[in-house]
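Listed below are the residues making up each chain.
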Amino acid sequence: MAADPILANDGALTVALHVSTVNAVYCLLWTLPPGASAWQDEREVANGDGLPTHVQYDVVGDTSIGWRLAVGGLANSTYGVALNLLQSNTEIVNGHITLTGTLDASGQDTRTGSVHLQSAP
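Residues numbered from 1 in each chain as written. Predicted model: local features only at pLDDT ≥ 70, side-chain atom pairs only at ≥ 80, totals over all residues. Heavy atoms only, no water.

> Please provide a residue-by-residue account of the overall build of the protein chain, values included.
Scanning the protein chain from N- to C-terminus turns up 0 helices and 8 strands. In sequence order, the protein chain lays out its α and β elements as β-β-β-β-β-β-β-β. In terms of overall size, the protein chain behaves like a compact globule, its C-alpha atoms giving a radius of gyration of 14 Å where 121 residues would be expected to give roughly 14 Å. Overall, the C-alpha framework of the protein chain stretches about 45 × 30 × 25 Å when taken along its three principal axes. At a minimum sequence separation of 6, the contacts of the protein chain that also span at least 24 residues come to 73%. Split by element, the accessible area of the protein chain, about 6,400 Å² in all, is 50% carbon and sulfur. (Helix = DSSP H or I, 4+ residues; strand = E, 2+ residues; numbered from the N terminus. Rg over C-alpha atoms; globule rule 2.2 N^0.38 Å. Contact = heavy atoms within 4.5 Å. Areas by Shrake-Rupley, 256 points an atom, 1.4 Å probe, with all protein chains shown as cover.)

Written as structure tokens, this is what we have:
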């Protein structure tokens, strides 16, 4: 498992999605702020058109960012998607999250996951 991302500071965090393969991608993001008991602030970061896109959250250390990724394309083909976490247009430490996989016989795959944002030392 990759190391958790480290925020440069509390505040604006941009989550940018980039699809490196020819696939249809749908992706939802959520946050789990410190002390919260449920995921919140659902945002769509990709709606199937494959164009690079991004969303912005206002976060503090100990916030988690979660995702649900749905990918479609040619049966049994591989795909690559990256979530890049940026502050002030600069990728934060451990802020490049690569999601890869292989589509099933019907040309689909779904992935879920999350990362925990650490405060700057």
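> Let's hear about the packing of aromatic side chains: which residues, and what values?
Counted according to the given criterion, the structure contains 0 aromatic pairs. The side chain of R43 reaches across the aromatic face of Y57, ending 4.4 Å from its centre. (Phe/Tyr/Trp six-rings, centres within 6.5 Å; stacked < 30°, edge-to-face > 60°. Lys NZ or Arg CZ within 6 Å of the ring centre and 35° of its normal.)

> Please give an account of the sheet that holds strand β2 (residues 24-32) that cites residues and values.
If you walk across this open sheet you meet the 4 strands as β3-β2-β5-β8, and the pairing is antiparallel. Only two strands of the sheet have a single neighbouring strand rather than two, namely β3 (40-47) and β8 (108-116). Ignoring which end each strand starts from, the neighbouring axes of this sheet average 15° apart. Alignment of strand β5 (residues 64-72) against β8, held across 9 bridges, turns out to be antiparallel. Bridge assignment links R68 to a residue of β8, and that residue is T112. (Pairing = 2+ DSSP bridges. Axes fitted to C-alpha atoms, helices over the stretch in contact; angles between N-to-C directions.)

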